[in-house]
Amino acid sequence: MDDRPRIETRAVGHGEDPGATLRGDVVSPIHLASTFALPELDTDLSLEEVDPAEGQFLYSRLNNPTRHALEQRLASLEGGDHGFAFASGTSAIATAVLASVEPGDHVVAFDDLYAGTRRLLETMVRDRLGVDVSFVDATDPDNVADAVRPETTLLWVETPTNPLLRLCDIEAVADIAHDAGARLGVDNTFLSPYFQTPLDLGADVVAHSTTKYLNGHSDSVGGALVTDDESFADDVAFLQQVGLGNVLSPFDSYLVLRGTKTLAPRMRDHEANALAIAEYLESHDAVDAVHYPGLESHPQHDLAREQTAGYGGILSFELDGGLADAKRFLEALEEFALAVSVGGVESLAELPAAMTHEPIPKAEREAQGITDSLVRVSVGIEHVDDLVADLDRGFAAMRGQSVSQ
């Protein structure tokens, strides 16, 4: 039986110890120091023996008290032993990949990934490092199993995916990875640890763009990895602190620490609003399809119910029209800002084909189901009636009707 405090409690206080600071700070101070004075010269102490858990710090690239508090909290939220905070979500994913592969290895990845992750796997991992990469439809575990080779060392998935909200069965894919002697990495950005904890389902490493739900206020860029694999954690620590030096700044660490405190109530509001909007869109005659795992019409709704504690605040939908219709719809919105990214308290809308996924060739996008009329929305915590009224405004503009102000 899990005797840890519940996630709401861990999100508020884990990693911050008022008794560990000079004045008993309830909120972790922002430690901006780049270096830390030693009490004495210990010629027997190596850098690897400097222990932040004992309040020992040497140089902020190696470790920093504010970042250390955040990394402890991230590990606790995901149920892992080791947490790492990075300068961006992309740098976190790149570090996880580099810690798992070497030239001649093979990676199997979900074909429906964030465009930046796909470009990283293709341009850096495949083209520059000589690691072969196979993209497969991971909604069916058999496709993953069929793609695995003797030289496969890493399986990488998002679930739900961006922007089509497709799922993969984490337990099934984890079994496939481990049978092959490979590692499974799961990007958990879209659901956050409040709704999904992949390590509990067999994953070896979990990645986040902390920019999104963990911070939740669209004012910090960062990334995270959490693992319970000791050897892998050692490799990640070396790359984070020495090999790449791609650490999260003390101020951004403070912002994410602050953001996690309200993770639970924010996620509940995000989900409630998203479900209401998904149901509204599903019945709208100007919408051809809605992609949201919380709808019973979603082809993987049963899997979502089994492996997640909720459905999140992100959905996408197909407008009954083309690019020009989508342009009129999006530009008429007032409560939904036209912007990339997700996970903030404010609602955002974007057109993947022209924004986040524009770097993917059009034929590949369309083969994945990303059409010119697919709209992705990150539903915020505003009043849902105001958000629905805003969508009505967009539909009116799309049809050439007068738009109320």
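Note: the structure precedes this text.
Parameters and conventions
- Per chain, residue numbering runs from 1 following the sequence as it is written.
- Selection of residues for local features in this predicted model requires a pLDDT of at least 70, selection of side-chain atom pairs for listing and counting requires 80 or more, and totals for whole chains, interfaces and linings are taken over all residues.
- Hydrogen atoms and water are omitted, and side-chain values are computed over all heavy atoms in the structure.
- Secondary structure counts use DSSP, requiring at least four H or I residues in a row for a helix and at least two E residues in a row for a strand, with both numbered from the N terminus.
- Residues count as neighbours in contact if any of their non-hydrogen atoms are within 4.5 Å of one another.
- In the analysis that follows, any N or O atom pair within 3.5 Å is treated as a polar contact, provided that within protein one partner can donate a hydrogen and the other can accept it, and provided that, for residues neighboring in sequence, both atoms belong to side chains.
- Only protein chains enter the area calculation, which uses a 1.4 Å probe; residues under 20% of their type maximum are buried, those over 50% are exposed, and those in between are partly exposed.
- Here, nonpolar core means buried Ala, Val, Leu, Ile, Met, Phe, Trp, Tyr and Cys residues that are tied together by side-chain atoms lying within 4.5 Å of each other.

Turning to the environment of aspartate 137, a few remarks are in order. Considering the arrangement of structural elements, one finds aspartate 137 in the loop between strand E3 (132-136) and helix H5 (141-147). Sequence separation between aspartate 137 and aspartate 111 is 26 residues; the distance between their C-alpha atoms is 5.6 Å. The residues touching aspartate 137, leaving out its near neighbours within four places in the chain, are Phe110, Asp111 and Asn143. A polar contact of 2.5 Å, which involves the side chain of aspartate 137, links it to the side chain of threonine 139.

In this section: helix H9 (residues 250-260). In terms of residue burial, H9 counts as a mostly covered element, since 8 of its 11 residues are buried. Among all positions in H9, only Pro250, Asp252, Ser253, Leu255, Val256, Leu257, Gly259 and Thr260 are buried. Buried residues in H9 make contact with helix H1 (7-13), helix H2 (65-78) and helix H10 (263-282).

Bringing helix H3 (residues 89-98) into the picture now. With respect to burial, H3 is a largely interior element, 8 of its 10 residues being buried. All buried positions along H3 are accounted for by Gly89, Ser91, Ala92, Ile93, Ala94, Thr95, Ala96 and Val97.

Time to look at the environment of glycine 55. Within the secondary structure, glycine 55 sits in the loop between H1 and H2. Take glycine 55: its relative accessible area is 51%, and that puts it in the exposed class. For the pair glycine 55 and threonine 117, spaced 62 residues apart in sequence, the C-alpha separation works out to 36 Å.

Core analysis: the largest hydrophobic core is formed by 46 residues, its most contacted members being Leu121, Val144, Leu155, Trp156, Leu184 and Leu225. Leave out the neighbours within four places in its chain, and leucine 184 touches Leu155, Val157, Ile170, Val173, Ala174, Ala177, Ala203, Asp204 and Val205. By size, the runner-up hydrophobic cluster in this structure holds 33 residues, among which are Leu351, Val375, Leu387 and Phe395.

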